[in-house]
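Residue-level structural notes
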Amino acid sequence: MAKLYFRYGAMNSGKSTALLQAAHNYEERGHQVLLAKPGVDSKAGRAILSRLGVDRSVDYLLGDNDDAYQTFQHHRSQVQERHGTDVSCLLIDESQFLTEHQVNDLMRIAVLDNIPVICYGIRTDFRTSAFPGSRRLLEIAHSLEELKTICRCGRKAVFNARCAHGTYIFEGDQVAIDGMEVTYESLCATCYLRESGGRLNREWHVAQD
Ligand SMILES: [Zn+2]
């Protein structure tokens, strides 16, 4: 039986680079892979942007209402027609933006169709709450693997702080509105709590009321 994998990390932990490397490893052995990602990532469109400068387009995007199981079967049959061979692996970038139902579909692809599905994504948002796709992957994936990156202080970074106009901000929508200029910094829990005044996710609201 194939497995559903979730390889998660803070921002800048090299997730897209790892995805492209995994695709390359399959392809250099003559295997076919499919690359997909949720369609809400409008800034980058279809591109998988690796910080090492190796970029590649996904084979398809998944909109919020798309059936991830049927969409995969459609693209799988195209690969079979073109190459006369089945897909060996489905690789998903930005998997934190998947819906819960889409993650369930990915589990069905792995188990019922016996095709490994490897999802890369961010575990939590800038408020330290899980993204919907990440929450479901943490619940059901067969394999969880953390991709590590380093905080400014040298500890392992686990959180993503949002910065705007030179200061950290701890309130706002999970995904920053297009046009709003924000950057993110990967921080360890110690540095995050220092910047947030000791507060995590909804405690920020409670403390201000
Ligand atoms: Zn730190």
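Keep in mind that what you see is a predicted model, and the values were worked out from it rather than measured.

Turning next to the packing of helix α2 (residues 68–83) against helix α3 (residues 100–112). Viewed as axis vectors pointing N to C, α2 and α3 meet at an angle of 50°, and their least axial separation amounts to 8 Å. Looking at the two axes, α2 sits oblique to α3. Of the residues in α3, those in contact with Ala68, Tyr69 and Phe72 of α2 are Gln102, Asp105, Leu106, Arg108 and Ile109. Tallied by class, the residues present in the contact of α2 with α3 amount to 5 nonpolar, 1 polar and 2 charged.

This chain's UniProt record puts "binding site: Zn(2+)" (unreviewed entry) on Cys151, Cys153, Cys188 and Cys191. Considering the C-alpha atoms alone, the annotated residues occupy 41 residues of sequence yet fold into one spot, their largest mutual distance being 8.1 Å. Checked against the element boundaries, Cys151 lands in the loop between β8 (143–146) and β9 (159–164). Relative to the elements of secondary structure, Cys188 occurs in the loop between β11 (183–187) and α5 (189–196). Here Cys188 falls in the partly exposed class, since 19 other C-beta atoms lie within 10 Å of it. Ignoring sequence-local partners within four residues, the contact set of Cys188 consists of Cys151, Cys153, Arg155, Lys156, Ala157 and Val158.

Within strand β1 (residues 4–9), 6 of the 6 residues are buried, which leaves it mostly tucked inside the rest of the structure. Neither face of β1 is left uncovered, since the one carrying Leu4, Phe6 and Tyr8 and the one carrying Tyr5, Arg7 and Gly9 both have all their residues buried. By the bridge criterion, 6 bridges tie β1 to strand β7 (residues 117–122) in an arrangement that is parallel. Within β7, the residue paired with Leu4 across the bridge is Val117. Of the strand pairs in this sheet, β1 and β8 are connected by 4 bridges, and their pairing is parallel. By the bridge assignment, Tyr8 is partnered in β8 with Glu146.

Procedures and definitions
Residues numbered from 1 in each chain as written. Predicted model: local features only at pLDDT ≥ 70, side-chain atom pairs only at ≥ 80, totals over all residues. Axes fitted to C-alpha atoms, helices over the stretch in contact; angles between N-to-C directions. Helix = DSSP H or I, 4+ residues; strand = E, 2+ residues; numbered from the N terminus. Parallel < 35°, antiparallel > 145°, perpendicular 65-115°, else oblique. Contact = placed C-beta atoms within 7 Å. Nonpolar A, V, L, I, M, F, W, Y, C, P; charged D, E, K, R; others polar. UniProt positions renumbered as here; feature names shortened; annotations may be inferred. Buried ≥ 20, exposed ≤ 12 C-beta atoms within 10 Å, placed from the backbone. Pairing = 2+ DSSP bridges.

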